[in-house]
Amino acid sequence: MPESTDDFYRIQKLPPYVFAVINEMRAKARAAQIDVIDLGMGNPDGATPRVIVNKMVEAARNAKNHRYSQSRGIPKLREEITKRYRANYGVELDPDKEAIVTIGAKDALAHLLFATIGPDDAVVSPNPAYPIHQYGVIMAEGHACMLPMPDAATFLNRLEDLYRTSTRKPKMLLISFPHNPTTTCVDLDFFRQIIRLAQEHGTMVVHDFAYADLCFDGYKAPSILQVEGAKEVAVEIFSMSKSYNMAGWRVGFCLGNSKMIAALARIKSYLDYGVFQPIQIASIIALRECEEDTRKICAMYQKRRDALVTGLRRAGWPVTPTQGTMFLWAPLPERFRPMGSLEFSKLLLEKALVAVSPGIGFGPMGESHVRFALVENEQRIRQATRAIGGFLKSSH
Ligand SMILES: Cc1ncc(COP(=O)(O)O)c(C=O)c1O
(Lines give C-alpha, C1' and ligand atoms only; values in the text may rest on other atoms or scores of the structure.)
Protein backbone atom coordinates (compact mmCIF):
# COMPACT_ATOMS: atom_id res chain seq x y z
CA MET A 1 0.00 0.00 0.00
CA PRO A 2 1.44 3.45 -0.88
CA GLU A 3 2.46 5.69 2.03
CA SER A 4 0.27 8.57 0.90
CA THR A 5 -2.55 8.85 -1.65
CA ASP A 6 -0.18 10.99 -3.74
CA ASP A 7 1.65 7.80 -4.68
CA PHE A 8 -1.34 6.43 -6.56
CA TYR A 9 -0.93 6.58 -10.33
CA ARG A 10 -3.89 8.88 -11.11
CA ILE A 11 -4.02 10.78 -7.84
CA GLN A 12 -0.48 12.07 -8.30
CA LYS A 13 -1.70 13.87 -11.42
CA LEU A 14 -4.35 15.74 -9.43
CA PRO A 15 -2.90 18.56 -7.33
CA PRO A 16 -4.78 19.44 -4.13
CA TYR A 17 -7.67 21.77 -4.79
CA VAL A 18 -6.41 25.40 -4.52
CA PHE A 19 -9.84 26.42 -3.28
CA ALA A 20 -9.39 24.14 -0.25
CA VAL A 21 -7.10 26.74 1.38
CA ILE A 22 -9.83 29.39 1.33
CA ASN A 23 -12.53 26.87 2.31
CA GLU A 24 -10.50 25.87 5.34
CA MET A 25 -9.98 29.48 6.44
CA ARG A 26 -13.69 30.16 6.02
CA ALA A 27 -14.64 27.08 8.03
CA LYS A 28 -12.25 28.09 10.83
CA ALA A 29 -13.69 31.62 10.98
CA ARG A 30 -17.23 30.29 11.04
CA ALA A 31 -16.36 27.79 13.77
CA ALA A 32 -15.19 30.80 15.79
CA GLN A 33 -18.65 32.40 15.22
CA ILE A 34 -17.20 34.96 12.80
CA ASP A 35 -19.59 35.86 10.00
CA VAL A 36 -17.97 35.37 6.60
CA ILE A 37 -19.79 36.46 3.44
CA ASP A 38 -19.18 33.56 1.12
CA LEU A 39 -18.90 34.51 -2.54
CA GLY A 40 -16.49 31.66 -3.21
CA MET A 41 -18.04 28.52 -4.61
CA GLY A 42 -20.64 28.69 -7.40
CA ASN A 43 -23.19 26.81 -5.36
CA PRO A 44 -26.70 28.23 -5.97
CA ASP A 45 -28.32 29.34 -2.71
CA GLY A 46 -31.93 29.41 -3.95
CA ALA A 47 -34.57 26.70 -3.46
CA THR A 48 -35.60 24.33 -6.25
CA PRO A 49 -39.08 25.42 -7.49
CA ARG A 50 -41.80 23.82 -5.37
CA VAL A 51 -43.58 21.94 -8.21
CA ILE A 52 -40.36 20.06 -8.89
CA VAL A 53 -39.89 19.11 -5.24
CA ASN A 54 -43.56 18.05 -4.96
CA LYS A 55 -43.28 15.83 -8.02
CA MET A 56 -40.13 14.25 -6.64
CA VAL A 57 -41.86 13.48 -3.30
CA GLU A 58 -44.89 12.00 -5.06
CA ALA A 59 -42.72 9.84 -7.33
CA ALA A 60 -40.53 8.74 -4.43
CA ARG A 61 -43.63 7.27 -2.72
CA ASN A 62 -44.16 4.89 -5.64
CA ALA A 63 -42.21 1.65 -5.19
CA LYS A 64 -41.97 1.24 -8.97
CA ASN A 65 -39.49 4.11 -8.93
CA HIS A 66 -37.19 2.50 -6.37
CA ARG A 67 -35.57 0.06 -8.78
CA TYR A 68 -32.51 0.66 -10.91
CA SER A 69 -33.35 3.19 -13.58
CA GLN A 70 -31.92 3.28 -17.10
CA SER A 71 -28.36 4.39 -17.46
CA ARG A 72 -29.12 6.62 -20.46
CA GLY A 73 -32.18 8.17 -18.77
CA ILE A 74 -35.91 7.48 -19.04
CA PRO A 75 -37.36 8.08 -22.54
CA LYS A 76 -39.86 10.77 -21.42
CA LEU A 77 -37.07 12.91 -19.95
CA ARG A 78 -34.98 12.55 -23.10
CA GLU A 79 -38.05 13.57 -25.12
CA GLU A 80 -38.64 16.58 -22.89
CA ILE A 81 -35.12 17.95 -23.29
CA THR A 82 -35.39 17.61 -27.07
CA LYS A 83 -38.68 19.58 -26.93
CA ARG A 84 -36.90 22.33 -24.97
CA TYR A 85 -34.16 22.49 -27.59
CA ARG A 86 -36.74 22.73 -30.38
CA ALA A 87 -38.65 25.51 -28.58
CA ASN A 88 -35.63 27.51 -27.38
CA TYR A 89 -33.12 27.07 -30.20
CA GLY A 90 -34.99 25.57 -33.17
CA VAL A 91 -32.72 22.51 -32.90
CA GLU A 92 -34.07 19.05 -33.79
CA LEU A 93 -32.67 16.10 -31.82
CA ASP A 94 -33.50 12.41 -31.86
CA PRO A 95 -34.28 11.53 -28.20
CA ASP A 96 -32.98 7.97 -28.69
CA LYS A 97 -29.71 8.58 -30.46
CA GLU A 98 -28.88 12.22 -29.85
CA ALA A 99 -29.74 12.68 -26.16
CA ILE A 100 -28.57 11.05 -22.96
CA VAL A 101 -29.31 11.93 -19.32
CA THR A 102 -26.23 12.30 -17.11
CA ILE A 103 -25.50 12.68 -13.41
CA GLY A 104 -24.96 16.41 -13.85
CA ALA A 105 -22.64 18.06 -16.35
CA LYS A 106 -19.56 16.84 -14.47
CA ASP A 107 -20.45 13.19 -15.09
CA ALA A 108 -21.03 13.98 -18.77
CA LEU A 109 -17.71 15.81 -19.11
CA ALA A 110 -15.53 13.38 -17.18
CA HIS A 111 -16.94 10.22 -18.71
CA LEU A 112 -17.16 11.57 -22.25
CA LEU A 113 -13.45 12.39 -22.03
CA PHE A 114 -12.77 8.97 -20.52
CA ALA A 115 -14.69 7.34 -23.37
CA THR A 116 -13.19 9.24 -26.28
CA ILE A 117 -9.70 10.41 -25.31
CA GLY A 118 -6.64 8.19 -25.12
CA PRO A 119 -2.95 8.59 -24.30
CA ASP A 120 -1.60 11.86 -25.66
CA ASP A 121 -4.71 12.89 -27.58
CA ALA A 122 -4.68 16.69 -27.51
CA VAL A 123 -7.73 18.44 -26.09
CA VAL A 124 -7.74 22.19 -26.54
CA SER A 125 -9.60 24.43 -24.15
CA PRO A 126 -9.43 28.06 -23.05
CA ASN A 127 -7.59 28.90 -19.86
CA PRO A 128 -8.53 29.83 -17.19
CA ALA A 129 -11.31 27.25 -17.01
CA TYR A 130 -13.52 25.16 -14.78
CA PRO A 131 -11.07 22.61 -13.30
CA ILE A 132 -12.67 19.44 -14.76
CA HIS A 133 -12.08 20.83 -18.27
CA GLN A 134 -8.37 20.46 -17.67
CA TYR A 135 -8.22 17.58 -15.20
CA GLY A 136 -10.85 15.45 -16.96
CA VAL A 137 -8.41 15.37 -19.89
CA ILE A 138 -5.47 14.54 -17.63
CA MET A 139 -7.40 11.74 -15.92
CA ALA A 140 -8.17 10.29 -19.36
CA GLU A 141 -4.41 10.47 -20.05
CA GLY A 142 -4.88 13.01 -22.81
CA HIS A 143 -2.81 16.10 -23.39
CA ALA A 144 -4.55 19.22 -22.02
CA CYS A 145 -3.62 22.05 -24.35
CA MET A 146 -4.59 25.40 -22.89
CA LEU A 147 -4.99 28.52 -24.95
CA PRO A 148 -5.29 31.91 -23.26
CA MET A 149 -8.65 33.60 -23.50
CA PRO A 150 -8.46 37.30 -22.69
CA ASP A 151 -11.45 37.48 -25.06
CA ALA A 152 -13.23 35.13 -27.47
CA ALA A 153 -11.66 36.60 -30.64
CA THR A 154 -8.11 36.13 -29.29
CA PHE A 155 -8.91 32.52 -28.40
CA LEU A 156 -10.19 31.90 -31.93
CA ASN A 157 -7.07 33.48 -33.47
CA ARG A 158 -4.81 31.36 -31.30
CA LEU A 159 -6.79 28.27 -32.24
CA GLU A 160 -6.39 29.02 -35.96
CA ASP A 161 -2.64 29.50 -35.42
CA LEU A 162 -2.48 26.19 -33.62
CA TYR A 163 -4.18 24.38 -36.49
CA ARG A 164 -1.75 26.05 -38.92
CA THR A 165 1.45 25.38 -37.02
CA SER A 166 1.06 22.40 -34.70
CA THR A 167 2.11 18.94 -35.78
CA ARG A 168 -0.23 17.44 -33.23
CA LYS A 169 -3.78 18.20 -34.39
CA PRO A 170 -6.32 18.52 -31.58
CA LYS A 171 -8.59 15.54 -31.18
CA MET A 172 -11.15 17.63 -29.32
CA LEU A 173 -12.10 21.23 -28.55
CA LEU A 174 -13.64 21.66 -25.12
CA ILE A 175 -15.34 25.01 -24.70
CA SER A 176 -18.01 26.59 -22.51
CA PHE A 177 -19.91 29.86 -23.01
CA PRO A 178 -21.13 31.79 -21.01
CA HIS A 179 -17.77 30.98 -19.51
CA ASN A 180 -16.77 30.12 -15.95
CA PRO A 181 -14.75 31.87 -14.53
CA THR A 182 -14.13 34.69 -17.04
CA THR A 183 -17.85 35.24 -17.88
CA THR A 184 -16.92 35.63 -21.57
CA CYS A 185 -20.00 35.36 -23.79
CA VAL A 186 -20.08 34.63 -27.52
CA ASP A 187 -22.46 34.94 -30.46
CA LEU A 188 -23.52 32.30 -32.94
CA ASP A 189 -20.89 33.42 -35.41
CA PHE A 190 -18.15 32.40 -32.96
CA PHE A 191 -19.63 28.89 -32.86
CA ARG A 192 -19.81 28.86 -36.68
CA GLN A 193 -16.05 29.43 -36.79
CA ILE A 194 -15.45 26.69 -34.21
CA ILE A 195 -17.59 24.18 -36.13
CA ARG A 196 -15.94 25.16 -39.45
CA LEU A 197 -12.47 24.53 -38.00
CA ALA A 198 -13.57 21.26 -36.38
CA GLN A 199 -15.11 20.00 -39.62
CA GLU A 200 -12.03 20.96 -41.66
CA HIS A 201 -9.70 19.13 -39.30
CA GLY A 202 -11.87 16.24 -38.10
CA THR A 203 -11.92 17.45 -34.48
CA MET A 204 -14.64 16.62 -31.97
CA VAL A 205 -16.26 19.55 -30.13
CA VAL A 206 -17.72 19.50 -26.63
CA HIS A 207 -19.64 22.57 -25.53
CA ASP A 208 -20.39 22.79 -21.81
CA PHE A 209 -23.58 24.90 -21.63
CA ALA A 210 -23.95 24.95 -17.82
CA TYR A 211 -24.89 28.67 -17.82
CA ALA A 212 -27.27 28.49 -20.80
CA ASP A 213 -29.99 30.47 -19.03
CA LEU A 214 -28.02 32.89 -16.88
CA CYS A 215 -27.80 35.79 -19.32
CA PHE A 216 -28.31 39.47 -18.56
CA ASP A 217 -29.33 42.74 -20.21
CA GLY A 218 -31.26 41.02 -23.02
CA TYR A 219 -28.36 38.81 -24.16
CA LYS A 220 -29.41 35.25 -25.10
CA ALA A 221 -26.66 32.65 -25.17
CA PRO A 222 -26.69 30.60 -28.38
CA SER A 223 -26.54 26.80 -28.41
CA ILE A 224 -23.66 25.44 -30.49
CA LEU A 225 -26.17 22.99 -31.99
CA GLN A 226 -27.86 25.92 -33.76
CA VAL A 227 -24.95 25.94 -36.22
CA GLU A 228 -25.86 24.03 -39.35
CA GLY A 229 -24.04 20.70 -39.43
CA ALA A 230 -22.90 21.02 -35.80
CA LYS A 231 -24.17 17.56 -34.95
CA GLU A 232 -21.60 16.04 -37.33
CA VAL A 233 -18.82 16.96 -34.90
CA ALA A 234 -20.28 18.40 -31.69
CA VAL A 235 -22.13 17.63 -28.51
CA GLU A 236 -23.52 20.09 -26.02
CA ILE A 237 -23.83 19.49 -22.30
CA PHE A 238 -26.83 21.06 -20.58
CA SER A 239 -27.22 21.10 -16.81
CA MET A 240 -30.28 21.46 -14.55
CA SER A 241 -28.09 22.77 -11.71
CA LYS A 242 -28.17 26.50 -12.44
CA SER A 243 -31.25 26.96 -14.64
CA TYR A 244 -33.57 25.36 -12.06
CA ASN A 245 -31.61 25.63 -8.78
CA MET A 246 -31.14 21.86 -8.87
CA ALA A 247 -27.39 21.62 -8.20
CA GLY A 248 -27.72 18.92 -5.54
CA TRP A 249 -30.07 16.78 -7.63
CA ARG A 250 -27.37 15.86 -10.17
CA VAL A 251 -29.12 15.97 -13.53
CA GLY A 252 -27.67 17.00 -16.86
CA PHE A 253 -27.72 15.97 -20.51
CA CYS A 254 -25.35 15.35 -23.38
CA LEU A 255 -26.91 16.20 -26.74
CA GLY A 256 -25.93 16.13 -30.40
CA ASN A 257 -23.40 13.88 -32.17
CA SER A 258 -24.76 10.33 -32.03
CA LYS A 259 -21.37 8.62 -32.14
CA MET A 260 -20.04 10.52 -29.12
CA ILE A 261 -23.32 9.94 -27.28
CA ALA A 262 -23.16 6.21 -28.02
CA ALA A 263 -19.61 6.14 -26.59
CA LEU A 264 -20.76 7.95 -23.43
CA ALA A 265 -23.78 5.62 -23.15
CA ARG A 266 -21.51 2.56 -23.44
CA ILE A 267 -19.16 3.70 -20.70
CA LYS A 268 -22.02 4.79 -18.43
CA SER A 269 -23.74 1.41 -18.91
CA TYR A 270 -20.74 -0.09 -17.10
CA LEU A 271 -20.51 2.61 -14.44
CA ASP A 272 -23.99 3.59 -13.28
CA TYR A 273 -27.71 2.79 -13.38
CA GLY A 274 -28.84 6.32 -14.08
CA VAL A 275 -30.22 9.06 -11.88
CA PHE A 276 -32.77 7.99 -9.20
CA GLN A 277 -36.03 7.75 -11.12
CA PRO A 278 -38.12 10.18 -9.01
CA ILE A 279 -35.49 12.81 -9.76
CA GLN A 280 -35.78 12.13 -13.48
CA ILE A 281 -39.59 12.35 -13.27
CA ALA A 282 -39.35 15.67 -11.39
CA SER A 283 -36.90 16.92 -14.02
CA ILE A 284 -39.56 16.38 -16.70
CA ILE A 285 -41.79 18.79 -14.75
CA ALA A 286 -38.92 21.28 -14.47
CA LEU A 287 -38.33 21.32 -18.23
CA ARG A 288 -42.05 21.40 -19.02
CA GLU A 289 -43.39 23.90 -16.48
CA CYS A 290 -40.66 26.01 -14.94
CA GLU A 291 -39.64 28.49 -17.62
CA GLU A 292 -40.89 31.37 -15.48
CA ASP A 293 -38.85 30.14 -12.50
CA THR A 294 -35.72 30.15 -14.66
CA ARG A 295 -36.47 33.74 -15.66
CA LYS A 296 -36.84 34.72 -12.00
CA ILE A 297 -33.59 32.98 -11.03
CA CYS A 298 -31.79 34.85 -13.80
CA ALA A 299 -33.32 38.20 -12.79
CA MET A 300 -32.17 37.62 -9.21
CA TYR A 301 -28.57 37.06 -10.33
CA GLN A 302 -28.72 40.20 -12.46
CA LYS A 303 -29.77 42.29 -9.43
CA ARG A 304 -26.97 40.78 -7.36
CA ARG A 305 -24.51 41.50 -10.15
CA ASP A 306 -25.63 45.12 -10.19
CA ALA A 307 -25.24 45.40 -6.41
CA LEU A 308 -21.76 43.89 -6.57
CA VAL A 309 -20.53 45.99 -9.49
CA THR A 310 -21.89 49.22 -7.98
CA GLY A 311 -20.47 48.40 -4.56
CA LEU A 312 -17.02 47.44 -5.80
CA ARG A 313 -16.77 50.54 -7.98
CA ARG A 314 -17.75 52.65 -5.00
CA ALA A 315 -15.04 50.87 -3.02
CA GLY A 316 -12.53 52.02 -5.63
CA TRP A 317 -12.25 48.65 -7.42
CA PRO A 318 -13.07 49.10 -11.13
CA VAL A 319 -14.85 46.02 -12.53
CA THR A 320 -16.79 45.27 -15.71
CA PRO A 321 -20.35 43.95 -15.43
CA THR A 322 -20.94 40.35 -16.41
CA GLN A 323 -23.21 39.50 -19.35
CA GLY A 324 -23.71 35.88 -18.34
CA THR A 325 -23.02 33.20 -15.65
CA MET A 326 -23.42 33.75 -11.90
CA PHE A 327 -19.95 35.26 -11.43
CA LEU A 328 -17.93 38.42 -11.57
CA TRP A 329 -14.34 38.04 -12.78
CA ALA A 330 -12.40 40.88 -11.23
CA PRO A 331 -8.79 41.86 -11.95
CA LEU A 332 -6.77 42.25 -8.75
CA PRO A 333 -6.51 45.91 -7.76
CA GLU A 334 -3.23 47.23 -9.20
CA ARG A 335 -1.19 47.35 -6.01
CA PHE A 336 -2.07 43.76 -4.99
CA ARG A 337 -1.02 42.17 -8.30
CA PRO A 338 2.48 41.23 -7.17
CA MET A 339 1.14 39.06 -4.33
CA GLY A 340 -0.98 36.90 -6.66
CA SER A 341 -4.60 35.77 -6.41
CA LEU A 342 -4.28 33.22 -3.60
CA GLU A 343 -2.55 35.56 -1.14
CA PHE A 344 -4.96 38.35 -2.07
CA SER A 345 -7.98 36.07 -1.49
CA LYS A 346 -6.59 35.10 1.91
CA LEU A 347 -6.15 38.76 2.77
CA LEU A 348 -9.70 39.57 1.67
CA LEU A 349 -11.03 36.83 3.92
CA GLU A 350 -8.90 37.86 6.86
CA LYS A 351 -9.46 41.64 6.63
CA ALA A 352 -12.88 42.02 5.01
CA LEU A 353 -14.41 38.65 5.98
CA VAL A 354 -15.37 38.01 2.36
CA ALA A 355 -14.55 34.69 0.67
CA VAL A 356 -13.81 34.68 -3.08
CA SER A 357 -12.15 32.16 -5.42
CA PRO A 358 -8.52 32.90 -6.34
CA GLY A 359 -8.07 32.94 -10.13
CA ILE A 360 -5.08 30.61 -9.94
CA GLY A 361 -7.49 27.81 -8.98
CA PHE A 362 -8.76 27.93 -12.56
CA GLY A 363 -5.31 27.50 -14.10
CA PRO A 364 -2.13 29.52 -14.56
CA MET A 365 -3.81 32.10 -16.77
CA GLY A 366 -6.25 33.02 -14.02
CA GLU A 367 -3.58 34.33 -11.67
CA SER A 368 -4.32 38.04 -12.06
CA HIS A 369 -7.99 37.77 -11.07
CA VAL A 370 -10.41 36.63 -8.39
CA ARG A 371 -13.91 35.29 -8.98
CA PHE A 372 -16.96 36.43 -7.04
CA ALA A 373 -19.94 34.03 -7.09
CA LEU A 374 -23.33 35.74 -6.76
CA VAL A 375 -24.57 33.30 -4.13
CA GLU A 376 -25.53 35.60 -1.27
CA ASN A 377 -28.45 38.05 -1.28
CA GLU A 378 -28.18 41.71 -2.35
CA GLN A 379 -28.02 43.01 1.20
CA ARG A 380 -25.13 40.68 2.05
CA ILE A 381 -23.39 41.60 -1.20
CA ARG A 382 -23.66 45.30 -0.28
CA GLN A 383 -22.32 44.47 3.17
CA ALA A 384 -19.41 42.64 1.50
CA THR A 385 -18.54 45.56 -0.76
CA ARG A 386 -18.59 47.98 2.18
CA ALA A 387 -16.18 45.72 4.05
CA ILE A 388 -13.97 45.45 0.96
CA GLY A 389 -14.05 49.25 0.63
CA GLY A 390 -12.89 49.59 4.24
CA PHE A 391 -10.09 47.10 3.69
CA LEU A 392 -8.88 48.75 0.46
CA LYS A 393 -8.84 52.17 2.15
CA SER A 394 -6.97 50.93 5.20
CA SER A 395 -4.34 49.15 3.11
CA HIS A 396 -3.21 52.31 1.30
C1 LIG B 1 -18.61 25.32 -16.52
C2 LIG B 1 -19.28 24.38 -15.59
N3 LIG B 1 -19.62 23.16 -16.03
C4 LIG B 1 -20.23 22.28 -15.23
C5 LIG B 1 -20.52 22.58 -13.92
C6 LIG B 1 -21.14 21.54 -13.04
O7 LIG B 1 -22.44 21.28 -13.45
P8 LIG B 1 -23.26 20.09 -12.81
O9 LIG B 1 -23.76 20.54 -11.50
O10 LIG B 1 -24.36 19.85 -13.80
O11 LIG B 1 -22.33 18.91 -12.70
C12 LIG B 1 -20.20 23.82 -13.41
C13 LIG B 1 -20.49 24.14 -12.00
O14 LIG B 1 -20.07 25.06 -11.39
C15 LIG B 1 -19.55 24.74 -14.28
O16 LIG B 1 -19.18 25.95 -13.83
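Residues numbered from 1 in each chain as written. Predicted model: local features only at pLDDT ≥ 70, side-chain atom pairs only at ≥ 80, totals over all residues. Heavy atoms only, no water.

Draft legend 1. Molecular detail of the side chain of Arg371. Structurally, the position occupied by Arg371 is in strand E12 (residues 369-373). Buried and unpaired, Arg371 has Asp38 as its nearest opposite-charge partner, separated by 8.5 Å. A distance of 3.0 Å separates the side chain of Arg371 from the backbone oxygen of Gly40, its partner in a polar contact. Side-chain polar atoms of Arg371 contact the side chain of Asn180, separated by 2.8 Å. Ignoring sequence-local partners within four residues, the contact set of Arg371 consists of Leu39, Gly40, Met41, Gly42, Asn180, Pro181, Phe327, Leu328, Trp329, Val356, Ser357 and Phe362. (Helix = DSSP H or I, 4+ residues; strand = E, 2+ residues; numbered from the N terminus. Buried < 20%, exposed > 50% of the residue type's maximum accessible area, 1.4 Å probe, protein only. Lys, Arg positive; Asp, Glu negative; His and termini not counted. Salt bridge = Lys/Arg side-chain N within 4 Å of Asp/Glu carboxyl O. Polar contact = N/O pair within 3.5 Å; in protein donor to acceptor, adjacent residues only side chain to side chain. Contact = heavy atoms within 4.5 Å.)

Draft legend 2. Region of interest: the environment of Lys83. Checked against the element boundaries, Lys83 lands in helix H3 (residues 75-89). A residue is classified by how much of its surface remains accessible, and Lys83, at 43% relative accessible area, is partly exposed.

Draft legend 3. A look at the packing of aromatic side chains. Under the counting rule described, the total for this entry stands at 15 aromatic pairs. A ring pair is formed by Trp317 and Phe372, whose centres lie 5.6 Å apart and whose planes are at 65 degrees; its orientation type is edge-to-face. Taken together, the positions of Trp317 in the loop between helix H11 (291-314) and strand E9 (327-331) and Phe372 in strand E12 put the pair 55 residues apart, joining distant regions of the chain. As far as burial versus exposure is concerned, Trp317 and Phe372 are alike and both buried. (Phe/Tyr/Trp six-rings, centres within 6.5 Å; stacked < 30°, edge-to-face > 60°.)

Draft legend 4. Broad picture of the nonpolar core. Grouped together as the largest cluster of nonpolar side chains are 59 residues, with contacts concentrated most on Tyr85, Ile194, Val205, Phe238 and Phe253. If one sorts the elements of this core by residue count, helix H7 (residues 188-201) sits on top with seven residues. Apart from residues lying up to four places away in sequence, Phe238 is in contact with Ile81, Arg84, Tyr85, Phe209, Ala212, Asp213, Ser243, Tyr244, Gly252, Phe253, Leu255 and Leu287. Of all hydrophobic cores here, the second largest spans 36 residues; its members include Ala307, Trp317, Val319 and Phe336. (Core = buried A, V, L, I, M, F, W, Y, C linked by side-chain atoms within 4.5 Å.)

Draft legend 5. The site of the ligand, seen in detail. Around the ligand, the surrounding shell holds 13 residues, and the nearest of these are Ala105, Asp208, Tyr211, Ser239 and Ser241. For the ligand, a nitrogen atom lies 2.6 Å from a polar atom in the side chain of Asp208. Alone, the ligand offers 400 Å² of accessible surface; in the complex the protein occludes 93% of this. For the shell around the ligand, the secondary structure elements donating two or more residues are helix H4 (104-116) and helix H8 (240-243). Ranked by the residues each element gives to the shell around the ligand, the list is headed by H4, at three residues. (Near = heavy atom within 4 Å. Areas by Shrake-Rupley, 256 points an atom, 1.4 Å probe, with all protein chains shown as cover.)

Draft legend 6. Seen up close, the packing of H11 against helix H13 (residues 378-394). It is at 9 Å that the axes of H11 and H13 come closest, and there the two elements cross at 15 degrees. With respect to their mutual orientation, H11 and H13 come out roughly parallel. H13 is crossed by H11, and the crossing has right-handed handedness. Touching Lys303, Arg304, Ala307, Leu308, Gly311 and Leu312 of H11 are Glu378, Ile381, Arg382, Thr385 and Ile388, all from H13. Residue classes in the contact of H11 with H13 are distributed as five nonpolar, two polar and four charged. (Axes fitted to C-alpha atoms, helices over the stretch in contact; angles between N-to-C directions. Parallel < 35°, antiparallel > 145°, perpendicular 65-115°, else oblique. Left-handed = near helix turned anticlockwise from the far one by under 90°. Nonpolar A, V, L, I, M, F, W, Y, C, P; charged D, E, K, R; others polar.)

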